[in-house]
Every structure is written in structure tokens, then in C-alpha cells.
Amino acid sequence: MATETQTPSATVTSSPRFALRGRWLWVTVAVVILAFIGFGSKFIPSDDPRVAGVVAFDPVQFGADNFGDVQSAIEAQAVDAATLADAINVDQAAAASEYGVPSSGGPVFSVTFTGVAGAGQSGIYPVDISGLDANLLVRVQTGPAINGTELRDATDKFPFGDFTNQIDYQNAAAALNSELKAQVLDEFLPTDLEGKTVTVTGAFTLINPEAWLVTPVKFEVAS
């Protein structure tokens, strides 16, 4: 009978030298990656001209510098309220193309009118304007709170791309509203305008064709 001879199985063990070599390989790779990151990054000190030349947006200065131009532009392009109302009633899109300035909130129209102020609420007065449809509600805001972006958007002077970010863009609108209060409206704040004849030139965003909320740039009260 033949005797079966068994061959002992080989045991594979890792060499300490091989394991050490693997660890050094990974350390080398990490060093190379960090070196590339370092070469791609450049430290710019705070007094570098590229940093010093960036001027933060100053809304107060922006308002003071630009309100006069905005006021003049809105006055120049303002349309009589009756004419504008008829155009909007016939074809809103055509009216926007002819008289409006596009904005993210809708077309912004510049308008002028004379009428009698009704009872005000929170500084917002309805105005009864002769020649307008009775269903059209026209209101004018006089403060102390002036809301909206109409002064910024009523002309094409201030595209969003001229500002660093959305915050500066919003602050620009608020700054123009602040100048409006200081230069035009503050003198009327203590006065109850109900029953008085007012002449208004300003701008509004067409959201509801039957309700205009006008931000004025020129506001006169008959004595």
C-alpha cells in the first residue's frame, strides 16, 4: 500500500520591511499633495494694494450722490396719470414697453398727478384724481416709513451687476428712500393731509393694475 505524503502548507507573513516601506510611500504622497496646495495658494497681506483698493459700499454716500439724478429722471419721464391709466387698461404689456422700466417685481412707471388726499393711514394717503376710473385706487406714501425699490428701479441707472451682492443692492434702494424723506417729505410729516390738494410726481411698481402705491420724488401741498 502506498503511503500518502502530505506537504506542509506554507504560511504567508508580511515582512516588517515591506510594511514600513508602504507607510513611507503614503507619507511621501501626502507631502507632495500639500506642496501642490501650497504652491497654488498665495498669501495676500492686508496692506496689499489689491486689498486696500476695494472700497466697501457706503449706502449713505450712495443716497446723497444719486438721489438728485433719480429725482430729475423720474420727473422727466413721468406720464400724466389719466394717460397712463388708459394705456395700462388697454394693454399692460404695451404700456410697460412704452412707459415702464422692467424690474424683478414688475414694470416700474413714473407718473404725475394732482388730486385731493383722503384719510391717511401710517403715512399712506389715497388721492382722488379727476379723470380716473373710480375703480382705480391711487395712494401715495409720505412716511415716516418709505418702503419699496421704485426709486432704484424707475430708471436704468442701477443694474444689479453694478453691485457686489444682493445686500448692497437692497441697501441702495433703502438709501434713496432715506434721501427722499430727508429732502422732500420730512416737512410734511407733522401735517394731516386729508382734504388737501396735492401734486405728486413719483414712481410705482405695477403689481395690481387697479391699485397704485406711488413713491414720490416731488410732493407739493396747496396752501
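These remarks concern the structure in this document. What you see is a predicted model, and the numbers here were worked out from it, not measured in a lab.

### Details of the environment of Gly106
Phase 1 of the analysis: With respect to the helices and strands, Gly106 occurs in the loop between strand S2 (100–101) and strand S3 (108–117).
Phase 2 of the analysis: Gly106 has contacts with Val101 and Thr205, leaving out every residue within four places of it along the chain.

### Focus on the packing of aromatic side chains
Phase 1 of the analysis: Inspection of every chain in the model, using the stated rule, returns nine aromatic pairs.
Phase 2 of the analysis: Centre to centre, the rings of Phe57 and Phe163 are 5.9 Å apart; their planes meet at 70 degrees, and the pair counts as edge-to-face. Of this pair, Phe57 sits in the loop between helix H2 (49–52) and helix H3 (59–77) while Phe163 sits in the loop between helix H6 (150–153) and helix H7 (166–185), placing them 106 residues apart in sequence.
Phase 3 of the analysis: Given a relative accessible area of 26%, Phe57 falls into the partly exposed group.
Phase 4 of the analysis: A centroid spacing of 5.0 Å and a plane angle of 65 degrees characterise the contact between Phe188 and Phe219, whose relative ring orientation is edge-to-face. With a gap of 31 residues between them, Phe188 in the loop between H7 and strand S6 (197–205) and Phe219 in strand S7 (residues 211–221) connect regions that are remote in the sequence.
Phase 5 of the analysis: Given a relative accessible area of 12%, Phe188 falls into the buried group.
Phase 6 of the analysis: By way of ring pairs, the aromatic residues Phe57, Phe62, Phe158, Phe160, Phe163 and Tyr169 are connected into one cluster.
Phase 7 of the analysis: Sitting over the face of the ring of Tyr169, Arg152 holds its NZ or CZ atom 3.6 Å from the ring centroid.

### Some points on the side chain of Arg152
Phase 1 of the analysis: By secondary structure assignment, the location of Arg152 is in helix H6.
Phase 2 of the analysis: Within polar-contact distance, the side chain of Arg152 engages the side chain of Asp153 at 2.8 Å.
Phase 3 of the analysis: In this structure the side chain of Arg152 is engaged in a polar contact, spanning 2.9 Å, whose partner is the backbone oxygen of Tyr169.
Phase 4 of the analysis: In contact with Arg152, not counting residues within four places along its chain, are Phe158, Tyr169, Gln170, Ala173 and Leu176.

What counts as what
- Residues numbered from 1 in each chain as written.
- Predicted model: local features only at pLDDT ≥ 70, side-chain atom pairs only at ≥ 80, totals over all residues.
- Heavy atoms only, no water.
- Helix = DSSP H or I, 4+ residues; strand = E, 2+ residues; numbered from the N terminus.
- Contact = heavy atoms within 4.5 Å.
- Phe/Tyr/Trp six-rings, centres within 6.5 Å; stacked < 30°, edge-to-face > 60°.
- Buried < 20%, exposed > 50% of the residue type's maximum accessible area, 1.4 Å probe, protein only.
- Lys NZ or Arg CZ within 6 Å of the ring centre and 35° of its normal.
- Polar contact = N/O pair within 3.5 Å; in protein donor to acceptor, adjacent residues only side chain to side chain.

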